Amino acid sequence: MRVEIRAPRLSDATLYAAAVRRSAEHVGRWNPVEPDGLVDLVRRQGESLRTFLFVNTEDGGLVGSCNVANIVKGRFCNGSLGYNSYLPYNGTGRMTEGMRLVVDRCFTPESIGGLGLHRLEINVQPENHPSIGMAKRLGFRHEGYTPRMLYLQGGWRDHERFALTAEEWPGLQPNP
Ligand SMILES: CC(C)(COP(=O)(O)OP(=O)(O)OC[C@H]1O[C@@H](n2cnc3c(N)ncnc32)[C@H](O)[C@@H]1OP(=O)(O)O)[C@@H](O)C(=O)NCCC(=O)NCCS
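Quick caveat, the model's predicted, so the values are computed rather than measured.

Colleague: Sorry if this is basic, but what is going on with the overall build of the protein chain here?
Modeller: Helices and strands together make up the secondary structure of the protein chain, namely five helices and seven strands. Counting from the amino terminus, the protein chain carries its helices and strands in the arrangement β-α-α-α-β-β-β-α-β-α-β-β. A globule of 176 residues ought to have a C-alpha radius of gyration of about 16 Å, and the protein chain, at 15 Å, matches this closely. The principal-axis extent of the C-alpha atoms belonging to the protein chain is close to 40 × 40 × 35 Å. Here the protein chain holds 176 residues, and the buried ones make up 31% of them.

Colleague: Help me out: how do you make sense of unusual backbone geometry in this one?
Modeller: Residues L87 and P88 are joined by a peptide bond in cis, for which omega reads 5°. Examined against the element boundaries, P88 turns out to sit in the loop between β4 (78–85) and α4 (94–107). Phi at N70 takes a positive value of approximately 50°, unusual for a residue other than glycine. Checked against the element boundaries, N70 lands in strand β3 (residues 62–72). Note on N70: 13 C-beta atoms within 10 Å, which makes it partly exposed. In this model, R148 sits at a positive phi of 45°, which is unusual for a non-glycine residue.

Colleague: Help me out: how do you make sense of the site of the ligand in this one?
Modeller: Lining the immediate surroundings of the ligand are 20 residues, of which S85, N90, G93, M95 and T96 lie closest. Mapped onto the shell around the ligand, the elements with two or more residues apiece are α2 (24–28), β4, α4 and α5 (129–137). The element contributing the most residues to the shell around the ligand is α5, with four residues. Tallied by class, the residues present in the shell around the ligand amount to seven nonpolar, 12 polar and one charged.

Colleague: Looking at this structure, how should I read the UniProt feature "domain: N-acetyltransferase" (unreviewed entry) in the protein chain?
Modeller: The sites that UniProt annotates as "domain: N-acetyltransferase" (unreviewed entry) are residues 3–167. A distance of 25 Å separates the end C-alpha atoms of residues 3–167, which is 27% helix and 36% strand.

Colleague: I would appreciate a short explanation of the pairing of strand β1 (residues 3–6) in the present structure.
Modeller: Along a regular strand, successive side chains alternate from one face of the sheet to the other. Burial along β1 is one-sided: the residues V3 and I5 are buried and none of E4 and R6 is. Inspection of the sheet shows β1 paired to strand β2 (residues 50–56) by four bridges, in the antiparallel sense. Across the sheet, I5 pairs through a bridge with F54, a residue of β2.

Colleague: Hey, could you run me through helix α1 (residues 13–22) in this one?
Modeller: Given 3.6 residues per helical turn, the α-helix brings residues three or four places apart onto the same face. Residues Y16, A19 and V20 constitute the buried set of α1. Seen end-on, α1 carries its buried residues on one side only, within an arc spanning 95°. Summarising the contacts, the buried residues of α1 are in contact with α2, α3 (38–44) and β3.

Colleague: Sorry, what's going on with the nonpolar core here?
Modeller: Within soluble globular proteins, side chains that are nonpolar generally end up buried alongside one another. Membership of the largest hydrophobic core comes to 35 residues, with the highest contact counts inside it found for F54, L62, V63, C66, M99, V102 and C106. For this core, the leading source of residues is α4, giving six residues. Ignoring sequence-local partners within four residues, the contact set of M99 consists of C66, Y83, M134 and L138.

Rules of the game
Residues numbered from 1 in each chain as written. Predicted model: local features only at pLDDT ≥ 70, side-chain atom pairs only at ≥ 80, totals over all residues. Helix = DSSP H or I, 4+ residues; strand = E, 2+ residues; numbered from the N terminus. Rg over C-alpha atoms; globule rule 2.2 N^0.38 Å. Buried ≥ 20, exposed ≤ 12 C-beta atoms within 10 Å, placed from the backbone. Near = placed C-beta within 6 Å. Nonpolar A, V, L, I, M, F, W, Y, C, P; charged D, E, K, R; others polar. UniProt positions renumbered as here; feature names shortened; annotations may be inferred. Pairing = 2+ DSSP bridges. Arc of directions from axis to C-beta. Contact = placed C-beta atoms within 7 Å. Core = buried A, V, L, I, M, F, W, Y, C linked by C-beta atoms within 7 Å.

Here it is in structure tokens:
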């Protein structure tokens, strides 16, 4: 693997800020750009939010990050994935590798270190073709269209809704 995933730490603040700043242009088109947001992100980690940083194994650089947000356990066992890739690693397939690791961790039972989820969602604005490509590459099904779903860039944005359940996940596969 070219990428490993791990929880964010307060000591990542400088690395994170630099990665988000240099990626502001492509991230800012779809997601908020918050270079100084790591401390708050670490503080908010808990039952309903788990964040993963994707680290390039060769040089320790930050490839991307993924929030598993709105986690609900009980009879739902569901979470929503939100992600950003960072320059200079975007478009190299490393983000896809990291996302596969995250999905696998989400579906792994809690008893062996996973999140024990049953269903994952990815909600994407219809014009965000790179992210729709990611959802499809990961094997997510298109479930539907949710009007005015999330407040982004100053307005309520429509989203395409993709989902995957644990039964549909083939497990980690070798890279193509
Ligand atoms: C969506 C996003 C995370 C994708 O990240 P990325 O770094 O481009 O992802 P990857 O490098 O893994 O894959 C992207 C491309 O590289 C290609 N690629 C190159 N080498 C590859 C490899 N070894 N393995 C897999 N894919 C590879 C993929 O085929 C893919 O091509 P495509 O987009 O033409 O289908 C990124 O565009 C981003 O941060 N966007 C802004 C924020 C955003 O939209 N977040 C999601 C909101 S819902």
